[in-house]
Amino acid sequence: MAFENPDREQIKEILEQAGNIAVVGLSDKSDRTSYMVAAAMQQKGYRIIPVNPSVQGEILGEKVYASLSDIPEPIDIVNVFRRSEHTPEVAREAVQIGAKVLWLQQGIVSEEAGSIAAEGGLTVIMDRCIKVEDSILLGKR
């Protein structure tokens, strides 16, 4: 059966209930899409937790973690800015830490990652931009 994203009402609920969003592949370069999306989400009031093993220190004023399992607090959404072939491992880690949602950004699709996450009890969203969905569904806050 082909993968289908949750409907818009479900996505709206996910965003309304989200607190901590771990952004896997968040760049420290302000001209990168991951940085711009995370900054916009942070400005809307979401807590952004950067995950990037290549960056030390902070991004957007938040401590950077090398992996999801290094984060010492619960994660609602794992938002992924990695190429599709890297997402199954991210999905496994998202399941291990008990995240609620695996969200693959626009242009990223992996049936394998989706299956791993869904079988682990996570809601899966693929090929959608979290910033765009938030703007459409929740508008200005």
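Each remark here, short or long, concerns the structure printed above.
Now for a look at the structure at hand. Since we're looking at a predicted model, the values are computed, not measured.

As a further point, take unusual backbone geometry. Although it is not a glycine, Leu60 adopts a positive phi angle of roughly 55°. Positionally, Leu60 belongs in the loop between strand 3 (58-59) and strand 4 (62-63). The residue Asp127 is not glycine, and still its phi comes out positive at about 55°. Asp127 sits in the partly exposed class, given a relative accessible area of 38%.

Now for the nonpolar core. Residues Leu15, Ile21, Met41, Ile77, Trp103 and Ile130 are the most contacted members of the largest nonpolar core, which totals 26 residues. Elements with a contribution of two residues or more to this core: helix 1 (8-17), strand 1 (20-24), helix 2 (33-43), strand 6 (101-104) and helix 5 (130-138). Broken down by element, this core gets its largest block of residues, four residues, from helix 2. Excluding its chain neighbours within four sequence positions, the residues that come into contact with Trp103 are Ile11, Leu15, Ile77, Val78, Asn79, Val80, Ile125, Arg128, Cys129, Ile130 and Glu133. Grouped together as the second largest cluster of nonpolar side chains are 23 residues, Ile71, Val78, Leu102 and Val124 included.

Turning to the pairing of strand 1, a few remarks are in order. Among the five residues of strand 1, five are classified as buried, and the element is accordingly described as predominantly covered. The alternating pattern of strand 1 places Asn20, Ala22 and Val24 on one face and Ile21 and Val23 on the opposite face, and all of these are buried. Pairing between strand 1 and strand 2 (residues 47-51): five bridges, direction parallel. Residue pairing in the sheet places Val23 in a bridge with Pro50 of strand 2. A crossover connection joins strand 1 to the parallel strand 2 through helix 2; in handedness this β-α-β unit is right-handed. Pairing of strand 1 with strand 5 (residues 77-80) involves four bridges; the strand directions are parallel. Residue pairing for strand 5: Val23 is matched across the bridge by Asn79.

About the criteria used
- Residues numbered from 1 in each chain as written.
- Predicted model: local features only at pLDDT ≥ 70, side-chain atom pairs only at ≥ 80, totals over all residues.
- Heavy atoms only, no water.
- Helix = DSSP H or I, 4+ residues; strand = E, 2+ residues; numbered from the N terminus.
- Buried < 20%, exposed > 50% of the residue type's maximum accessible area, 1.4 Å probe, protein only.
- Core = buried A, V, L, I, M, F, W, Y, C linked by side-chain atoms within 4.5 Å.
- Contact = heavy atoms within 4.5 Å.
- Pairing = 2+ DSSP bridges.
- Right-handed = clockwise from strand over helix to strand, strands pointing away.

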